[in-house]
Every structure is written in C-alpha cells, then in structure tokens.
Amino acid sequence: MTVTDEALSHAPGAAGDDRSGPGGDTAGARVAAALARDLDEGFAALYEAYRGAVFSTALRLCGRWAEAEDLSAEAFLRAYRALTGYEEARIAGLRPRAWLLTILTNVWRNSLRSAARRPPPGPIEDAPDPPDPGEGVEDAAARHETGRELAGLLARLPHQQRAAVVLRHVTDLPVAEIAAVLDLPEGTVKSHISRGLARLRALRAAPGPPEPDHLQPDRTRPDRSALDRSALDPEQKGGTR
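Draft legend 1. Fine view of the overall build of the protein chain. In terms of helices and strands, the protein chain carries 11 helices and zero strands. Moving toward the C terminus, one meets the helices and strands of the protein chain in the order α-α-α-α-α-α-α-α-α-α-α. The burial tally for the protein chain puts 39% of its 241 residues in the buried class. Contacts in the protein chain between residues at least 24 apart in sequence constitute 68% of all its contacts with a sequence separation of at least 6. Surface exposure of the protein chain reaches about 13,200 Å², of which carbon and sulfur atoms provide 52%.

Shown next as structure tokens:
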C-alpha cells in the first residue's frame, strides 16, 4: 500500500479512533521535564524528539523540500525564543508536540499570506521524507515514488482541510491533539478530515486541472531519455519536456 492509498483508506471519526497508542506523544513528559530543568539541554532533546515530525508535516503542508526546511527552522527558532520567556511551571506543563506543531502551522499560514509578495516558488524536489532507520528498502522506495503524487493532491485542498489531513494521516496525531494545534472544535476537525479525504479521493479518481506551478516538472531541463535516444539514432532529434 502506498502512502496515498493508506491516507485515503482511513475513515476518520470512528468510535475510539484517537490513535492514542502509535499517535500518542510518548516523549512529551520527558522532554517537558528536561526543558524545565535546563533550557538549552532540554531544547536539544526537544529537537531530537520532534524534528522528523515537524519537517514531515511542513513538507506535506507546503509541498517543497527547501521551503519545508525553512518552515521547520523558523518554527524551532520561535519555539526557543518563546521558551526563554516562560516560567518553569509553564514549561513543565507543556505538551511539546502539539505546541511545536501549533507554531509550525502558524508559520505556514503566515507564509501563505505573504506568498503573493514573493517570486513564484520552484518545483517540488523529488526527495523522500526523512529516513526511518527501521524502514525497509521496499517501503522507502514506495514512499519516495508517491511523494510527488501526495504533494500534488494535498496542494489542491483548502488550507484548513490540508492541515487537518496532514496532521491526522501524515503526522499521525489524534483528533484531540489536532484540535489543539488548529484551535478548532474536535467536530470541526473531523469534518475537515472527512471532507479533505473525500476530495482527495475525487481528485485521484478523475482527471483534474493542471498541477500548481510549483509541482509541475521543470520544462527547461532536457529530457534525458530523448537525448539518449538521439545518441543512439543519429536521425532522431533530441527534445525537451
């Protein structure tokens, strides 16, 4: 099953479907305690525990590798600045994952608001999510191949639906935690997830409009297969995509 298949196969909102097991923040209490003891050492623990989740979420929200790196870096920078002004008791009571992803989604929303004032983004890079040390070669290859497909579909969702679907089916957060991240009622989150998945299914099943510009292939680069054919057959001209 590919990443996209898996995301589209889940039916959100089922009774007891809060993913409190795999989706639970098992590192949260440890990281919060470390931050309360020593900010710098605790922040290193925070970064190690959540950098993968933050980057993967950013990548699926924005669809571009370089921009995801920028969003992630900005989120961690804002997190550190905020922590320097928090009292020890407030730090000890943090839910670090939800708190970090709230910062990330706010950074992403701000980037959307200013997008019109920036040059058009470049194409999405054909790169996988951060590697999982326990992941097999076959799974990594499948994830690599479906990354562009999933990014293209997600980019065509309304922003609130995109964020809810990504947090649920990419970051694997329970609905209650998504509600905290997006500052929405749980019922609204479930509705966004349900509608987002329904739209993803429809988009995948039927031909749609062209992909957003930043997801289209770079047509200025030579088509290597065409050049190779040209090299083998002097009568055939090479082309471009």
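Draft legend 2. A look at the environment of Ala58. Note that Ala58 resides in helix α3 (residues 39-62). The spatial distance from the C-alpha of Ala58 to the C-alpha of Glu69 is 7.8 Å, given a sequence separation of 11 residues. Sequence-distant contacts of Ala58, defined by excluding residues within four places in its chain, comprise Gly63, Ala68, Leu71, Ser72 and Leu104.

Draft legend 3. Structural detail: the nonpolar core. Membership of the largest hydrophobic core comes to 51 residues, with the highest contact counts inside it found for Leu83, Trp99 and Leu100. Listed by contribution, the elements that provide at least two residues to this core are α2 (28-37), α3, α4 (65-83), α6 (96-113), α7 (137-154), α8 (159-169), α9 (175-182) and α10 (186-205). It is α3 that contributes the most residues to this core, nine residues altogether. Aside from chain neighbours lying at most four places away, what touches Trp99 is Ala79, Ala82, Leu83, Tyr86 and Leu94.

Draft legend 4. Inspection of the side chain of Arg162 at higher detail. With respect to the secondary-structure elements, Arg162 resides in helix α8. Although Arg162 lies buried, it forms no salt bridge, and the closest oppositely charged side chain, Glu67, sits 8.0 Å away as judged by the N-O distance. Other than its neighbours up to four places away in sequence, Arg162 contacts Arg60, Leu61, Trp108, Leu154, Ala155 and Leu157.

Draft legend 5. Looking closely at unusual backbone geometry. Unusually for a residue other than glycine, Asp172 sits at a positive phi of about 70°. Its location among the elements puts Asp172 in the loop between α8 and α9. The partly exposed category is assigned to Asp172, whose relative accessible area is 21%. Even without being glycine, Asp183 reaches a positive phi, approximately 55°. Secondary-structure assignment places Asp183 in the loop between α9 and α10.

Draft legend 6. Local environment of the environment of Glu177. Position of Glu177 among the secondary structure elements: in helix α9. You can call Glu177 buried: its relative accessible area is 6%. In the structure, Glu177 is positioned 82 residues away from Arg95 in sequence and 9.5 Å away in space, judged by C-alpha atoms.

Draft legend 7. Spatial organisation of α4. End to end, α4 covers 27 Å across 19 residues, agreeing with the expected 27 Å (1.5 Å per residue, within 8%). Among the residues of α4, Trp65, Glu67, Ala68, Leu71, Ser72, Ala75, Phe76, Ala79 and Leu83 are the ones counted as buried. When α4 is viewed along its axis, its buried side chains cluster within an angular range of 165° and face the same direction. Residues of α4 that are exposed and point over 90 degrees away from its buried face: Asp70 and Arg81. Summarising the contacts, the buried residues of α4 are in contact with α2, α3, α5 (88-92) and α6.

Draft legend 8. Focus on the packing of aromatic side chains. Enumeration according to the criterion identifies five aromatic pairs in this entry. Pairing Tyr47 with Phe76 gives two aromatic rings, centres 5.0 Å apart and planes at 65°, and the pair type is edge-to-face. Here Phe76 lies in helix α4 and Tyr47 lies in helix α3, a separation of 29 residues in the sequence. On the accessibility criterion, Phe76 (6% relative accessible area) is buried. Taken together, the aromatic side chains of Phe43, Tyr47, Phe76 and Tyr80 make up a single cluster linked through ring pairs. Between Arg90 and the ring centre of Tyr86, over which it is positioned, the NZ or CZ distance is 3.8 Å.

Draft legend 9. The packing of α6 against α8, seen in detail. At a minimum axis distance of 12 Å, the contact between α6 and α8 shows a crossing angle of 150°. Here α8 runs roughly antiparallel to α6, going by the angle between their axes. Crossing of α6 over α8 shows right-handed handedness. Along the contact surface, α6 presents Leu101, Trp108, Arg109 and Leu112, while α8 presents His159, Gln160, Arg162, Ala163 and Leu167.

Conventions we followed
- Residues numbered from 1 in each chain as written.
- Predicted model: local features only at pLDDT ≥ 70, side-chain atom pairs only at ≥ 80, totals over all residues.
- Heavy atoms only, no water.
- Helix = DSSP H or I, 4+ residues; strand = E, 2+ residues; numbered from the N terminus.
- Buried < 20%, exposed > 50% of the residue type's maximum accessible area, 1.4 Å probe, protein only.
- Contact = heavy atoms within 4.5 Å.
- Areas by Shrake-Rupley, 256 points an atom, 1.4 Å probe, with all protein chains shown as cover.
- Core = buried A, V, L, I, M, F, W, Y, C linked by side-chain atoms within 4.5 Å.
- Lys, Arg positive; Asp, Glu negative; His and termini not counted.
- Salt bridge = Lys/Arg side-chain N within 4 Å of Asp/Glu carboxyl O.
- Expected span 1.5 Å × (residues − 1).
- Arc of directions from axis to C-beta.
- Phe/Tyr/Trp six-rings, centres within 6.5 Å; stacked < 30°, edge-to-face > 60°.
- Lys NZ or Arg CZ within 6 Å of the ring centre and 35° of its normal.
- Axes fitted to C-alpha atoms, helices over the stretch in contact; angles between N-to-C directions.
- Parallel < 35°, antiparallel > 145°, perpendicular 65-115°, else oblique.
- Left-handed = near helix turned anticlockwise from the far one by under 90°.

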